[in-house]
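# Residue-level structure breakdown
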Amino acid sequence: MAPAQDSTAETTDPQPTAGTEHSTSGAYVTGGEFTRDTNYIEDRVVADVDAVTAAPREESSSIGDPRTAGLTEDAQAWPVEPGRYRLVAARACPWAHRSIIIRRLLGLEDVISLATPGPVHDVRSWTFDLSEGGRDPVLGTERLQQNYFARFPDYPRGITVPALVDVPSGGVVTNNYPQLTFDLSTQWQAHHRAGAPDLIPEDLIEDMLPVIKRIFTEVNNGVYRCGFAGSQRAYSEAYERLFTALDWLEERLDDRRYLMGEHITEADVRLFTTLVRFDPVYHGHFKCNRNKLTEMPNLWAYARDLFQTPGFGDTVDFDQIKEHYYVVHEDVNPTQIVPQGPDLENWLSDHGREKLGGSPFGAGTAPGPVAEEERPPGANPLHG
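### Concerning the overall build of the protein
Helix and strand content of the protein: 11 helices and six strands. Whereas a compact globule of 384 residues would reach a radius of gyration of roughly 21 Å, the protein reaches 20 Å, a difference of no more than 12%. Its C-alpha atoms give the protein principal-axis dimensions of roughly 55 × 50 × 45 Å. Considering the protein as a whole, with its 384 residues, one finds that 57% of them fall into the buried category. The long-range share in the protein, meaning contacts at least 24 apart out of those at least 6 apart in sequence, stands at 75%. Carbon together with sulfur atoms contributes 48% to the accessible area of the protein, which is approximately 15,900 Å² in total. In the protein, which carries 34 positive and 58 negative side-chain charges, the distance between the mean positions of the two groups comes to 2 Å.

What follows is the structure, encoded as structure tokens:
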């Protein structure tokens, strides 16, 4: 098993964009506190288009809600159709990574195809540079930007992942990642694999959504609030908020195996994608350096427990994660040098969380092995 530094050392220097018209300089650190743009394309793919269209209007949500019955203002409903949609989800991006994990846990691989852009992009958009000829083999496009423009020729916002694309038209249906993963659980239920876990148990939703909300605002987005702070004051405030939340999670996980108790829920998926990036990226690159994840006993054991659970760690590409952050964020790392560490072997060490009881999938079962064509190509100790 090769440690992370071996694979990173073999990479070539990135193509510099600094000083060019497509530079990302100024795109991330804009001064003061970082504020995430949460205005997304809020269309939904649903099992019953007529029912969802007729339901009362819903309010936008930064975290989504599995109980959402209708549409937000100006949004449209699209029908669930196996094979019609393609999930564009970069392995480097934590927001996209959660959709990759949930798609795999639910067994939707043969129902919704997957496109994985490369980890590095300029200010325009993600590119399909990992595909033969630099074009996605299904969509036929070089940049995800083209799929946004196919739907909205003057699309004014960031070109984000994950994005669900309508294959026949080539246009983006939605990039509303908070609701997308909930809809994979609820609207696509007829196409789940046998043994798919229930990631949003009805009796836990009321308690789970506040946990998800705090994880989003203070942890998922909290690391970005630190990394993209434009002033010392903004950074210091973000730093305190982040570690207050991590201390809360450390305490919460002292007597329960998973965030909501005995089985994995969507809350665990949403936290995992930040934790797995913490030491390789956020601790140094985003200055989240009070301590490493490996120095928080409960969180570190919990993260290893999830990493070693099918559907979680087997979707991780540490090379792409590091290359994305250190190369793309010119504001934070103008040299674009990618660090060689940390070593990855400890992700496979004994976590001891079984003593707390519970089981990852409850009444369900683990997904099978990752399909060869979807195996992450970069550093991952699970894949040797």
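On we go from here.
### Digging into the sheet that holds strand E5 (residues 163-166)
The strand order across the open sheet formed by four strands is E4-E3-E5-E6, and the pairing between neighbours is mixed. Of all strands in the sheet, those with a lone pairing partner are strand E4 (113-115) and strand E6 (171-174), marking the two edges. Mean inter-strand twist for the sheet, computed between neighbouring axes without regard to direction, equals 40°.

### Examining the side chain of Asp314
Locating Asp314 in the fold gives a position in the loop between helix H10 (297-307) and helix H11 (318-328). Looking at Asp314, the relative accessible area reads 10%, which means it is buried. Apart from residues lying up to four places away in sequence, Asp314 is in contact with Arg104, Phe307, Val370, Pro376, Asn380, Leu382 and His383.

### A look at the packing of aromatic side chains
Evaluated as defined, the whole model comprises 24 aromatic pairs. A centroid spacing of 5.2 Å and a plane angle of 70° characterise the contact between Phe228 and Phe286, whose relative ring orientation is edge-to-face. A residue pair is termed long-range when its members are at least 10 positions apart, and Phe228 in the loop between helix H7 (222-227) and helix H8 (232-252) and Phe286 in the loop between helix H9 (266-282) and H10 qualify at 58 residues. Residue Phe228 is classed as buried on the basis of its relative accessible area, which comes to 3%. Here Phe286 falls in the buried class, since its relative accessible area comes to 0%.

### Section: the confidence of the model for the protein
Per-residue confidence for the protein gives a mean pLDDT of 93; residues scoring 70 or more make up 92%. Per-residue pLDDT stays below 50 along residues 1-11; that stretch engages in 22 contacts with residues further than four places along the chain or on separate chains.

### Observations regarding H8
The end-to-end C-alpha distance of H8 is 30 Å, a good match for the 30 Å that 21 residues give at a rise of 1.5 Å each. Taken together, the buried positions of H8 are Ala234, Tyr235, Ala238, Tyr239, Leu242, Phe243, Ala245, Leu246, Leu249, Glu250 and Arg252.

Thresholds, definitions, all that
Residues numbered from 1 in each chain as written. Predicted model: local features only at pLDDT ≥ 70, side-chain atom pairs only at ≥ 80, totals over all residues. Heavy atoms only, no water. Helix = DSSP H or I, 4+ residues; strand = E, 2+ residues; numbered from the N terminus. Rg over C-alpha atoms; globule rule 2.2 N^0.38 Å. Buried < 20%, exposed > 50% of the residue type's maximum accessible area, 1.4 Å probe, protein only. Contact = heavy atoms within 4.5 Å. Areas by Shrake-Rupley, 256 points an atom, 1.4 Å probe, with all protein chains shown as cover. Lys, Arg positive; Asp, Glu negative; His and termini not counted. Charge placed at Lys NZ, Arg CZ, Asp CG, Glu CD. Pairing = 2+ DSSP bridges. Axes fitted to C-alpha atoms, helices over the stretch in contact; angles between N-to-C directions. Phe/Tyr/Trp six-rings, centres within 6.5 Å; stacked < 30°, edge-to-face > 60°. pLDDT = per-residue confidence, 0-100. Expected span 1.5 Å × (residues − 1).

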